[in-house]
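As a plain string of letters, each chain reads:
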Amino acid sequence: LAGVVAQVGAMVRDMLRGAAAELAAVGVGCPGQVVNGVVKGAANFPWVDAPLRDALQEELGVPVELMNDANAAVAAEMWAEGESGDQSAALLTLGSGIGLGLILDGKVHQGSHGLVEGGHMVLELDGRECPCGQRGCAEAYASATATAAR
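The paragraphs below set out a description of the structure included in this document. None of the values given here were measured: they were computed from a predicted structure. (Residues numbered from 1 in each chain as written. Predicted model: local features only at pLDDT ≥ 70, side-chain atom pairs only at ≥ 80, totals over all residues. Heavy atoms only, no water.)

## Remarks on the sheet that holds strand 6 (residues 98-104)
Whether parallel or antiparallel, the strands of a sheet pair through hydrogen bonds between backbone atoms.
Next up, step 1: Strand order in the open sheet made by the three strands is 5-6-7, with antiparallel pairing throughout. Whereas interior strands pair on both sides, the edge strands pair on one side only; in this sheet they are strand 5 (89-94) and strand 7 (107-108).
Next up, step 2: Pairing of strand 5 with strand 6, which is carried by six bridges, proceeds in the antiparallel orientation. Each residue of the ladder has a partner; that of Thr 93, found in strand 6, is Gly 99.
Next up, step 3: Relative to the sheet, helix 3 (residues 69-81) contacts strand 5, strand 6 and strand 7, its axis offset from that of strand 6 by approximately 45°. (Pairing = 2+ DSSP bridges. Helix = DSSP H or I, 4+ residues; strand = E, 2+ residues; numbered from the N terminus. Contact = heavy atoms within 4.5 Å. Axes fitted to C-alpha atoms, helices over the stretch in contact; angles between N-to-C directions.)

## Quick notes on the packing of aromatic side chains
Next up, step 1: Here the structure, examined in full by the defined rule, presents one aromatic pair.
Next up, step 2: Measuring from centroid to centroid gives 4.6 Å for Phe 45 and Trp 47, while their planes differ by 85°, and the two rings are edge-to-face.
Next up, step 3: By relative accessible area, which is 11% here, Trp 47 ends up buried. (Phe/Tyr/Trp six-rings, centres within 6.5 Å; stacked < 30°, edge-to-face > 60°. Buried < 20%, exposed > 50% of the residue type's maximum accessible area, 1.4 Å probe, protein only.)

## Considering the pairing of strand 4 (residues 64-68)
Next up, step 1: Taken across its five residues, strand 4 has four buried, putting it largely inside the fold.
Next up, step 2: Note: strand 1 (residues 26-30) against strand 4, five bridges, orientation parallel. Paired with Val 28 across the bridge in strand 4 is Leu 66.

## A few points about the packing of helix 1 (residues 2-16) against helix 2 (residues 52-60)
Next up, step 1: Here helix 1 crosses helix 2 at 45°, and the two axes come no closer than 10 Å. With respect to helix 2, the element helix 1 is oriented oblique. At the point where helix 1 passes helix 2, the crossing takes the right-handed sense. Facing Val 5, Ala 6, Val 8, Gly 9, Val 12 and Arg 13 of helix 1, the residues of helix 2 in contact are Leu 52, Ala 55, Leu 56, Glu 59 and Leu 60.
Next up, step 2: For the contact of helix 1 with helix 2, a count of residues per class yields eight nonpolar, one polar and two charged. (Parallel < 35°, antiparallel > 145°, perpendicular 65-115°, else oblique. Left-handed = near helix turned anticlockwise from the far one by under 90°. Nonpolar A, V, L, I, M, F, W, Y, C, P; charged D, E, K, R; others polar.)

Below you can see the structure in the form of structure tokens.
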């Protein structure tokens, strides 16, 4: 965790070098289950109960909002489009994993456990092994990682 936090801090400071304004806050999207600023776990990431938000706030000295990366992506899309507070949207992310971000009535829906999980729906019983430990997940077939491995 410390290495990633230091790298993010260095990257942010580099981006701000010569900027006319000071940094007010940072938003971060991270793969996996994120609850109250803590990465509870991620199939493609080695962290368990990692206090990423607090570590980044300490490193950067500004408030940090941390959420699941697919949730962050759909929230950013709605914000960029200037959608009103009663809109709903879904966004599917495809990369090393498969994520699903969901906005219902203008609010990010985080599911009962901190994320709406698209990549770990079982498509085939006793199918390919997934990094999450299950077999047959969508991610084991359709993620960029699974596609590159074939």
